[in-house]
Amino acid sequence: MDNCIFCKIIKGEIPCHKVYEDDNFLAFLDINPIAIGHTLLVPKTHFRWVYDSPNCGEFWQVAQKIAIDIKNSALNPEYISFITMGNEVEHAHIHIIPRNLDDSIQPALKSIPHLQLSNEKFLEINNIIKSSINK
Ligand SMILES: [Zn+2]
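Below is a summary of the structure that appears in this document. Because the structure is predicted, anything quoted here is derived from the model rather than measured.

In a regular helix each residue adds 1.5 Å, so 16 residues correspond to 22 Å; helix α2 (residues 56–71) covers 22 Å between its end C-alpha atoms and thus fits that length. Turning to α2, its buried residues are F59, V62, A63, I66, A67 and I70. Buried positions in α2, seen along its axis, are confined to an arc of 135° and lie on one side of it. Facing away from the buried side of α2, by more than 90 degrees, are the exposed residues G57, Q61 and I68. In this structure, the buried residues of α2 make contact with β1 (18–21), β2 (25–29), β3 (39–43), β4 (79–83) and β5 (94–99).

The following block contains the structure:
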């Protein structure tokens, strides 16, 4: 896509701090990091959402490899978080975020008001999803 910043990075039109590349994926340091080593993993083909990628399994396997390699690096984080909200840039991406137990990063889901649903509503939603999965 012409106006996609990640496509421009993939084409080399915008520089990045590349940490990993293979035939299908590119990983680079997030220019607006929330942690030391905050990395973005993107497919080289433009897809809007992570689940649009036809090789979604491989996408996550590469994310796992990079996470483990960062975990075992001299950065020495205690663990790694993945975030895939997908709202900032409209090109599928997985945030790979080195974490420590006492860091100040709040889980994104904690900051969002939670819904109060009745048991009937849970049953209704459950049936909708299950019928879609099992169709
Ligand atoms: Zn793109």
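The rest of the description comes next.
Time to look at the sheet that holds β4. The strand order across the open sheet formed by five strands is β1-β2-β3-β5-β4, and the pairing between neighbours is antiparallel. Edge positions in the open sheet fall to β1 and β4, since each of these has one partner strand only. Each strand of the sheet is rotated relative to its neighbour by a mean of 20°, with strand direction disregarded. Taken together, the five bridges between β4 and β5 define a ladder with antiparallel strand orientation. Each bridged residue has a counterpart across the sheet, and for S81 the counterpart in β5 is I97.

Most of β5 is tucked away: five of the six residues are buried. Relative to β5, β3 is paired through three bridges, and the arrangement is antiparallel. Opposite L40, over in β5, you have H95 as the bridge partner.

Moving on, we come to the environment of M1. Summarising the element assignment, M1 is placed in the segment before α1 (5–10). Under the C-beta neighbour-count criterion, M1 is labelled exposed, with 11 such atoms within 10 Å. Each C-alpha atom of the pair M1 and H91 lies 9.0 Å from the other, and the pair is 90 residues apart in sequence. The contacts of M1, once residues within four sequence positions are left out, are C7 and H46.

Rules and cut-offs
Residues numbered from 1 in each chain as written. Predicted model: local features only at pLDDT ≥ 70, side-chain atom pairs only at ≥ 80, totals over all residues. Helix = DSSP H or I, 4+ residues; strand = E, 2+ residues; numbered from the N terminus. Expected span 1.5 Å × (residues − 1). Buried ≥ 20, exposed ≤ 12 C-beta atoms within 10 Å, placed from the backbone. Arc of directions from axis to C-beta. Contact = placed C-beta atoms within 7 Å. Pairing = 2+ DSSP bridges. Axes fitted to C-alpha atoms, helices over the stretch in contact; angles between N-to-C directions.

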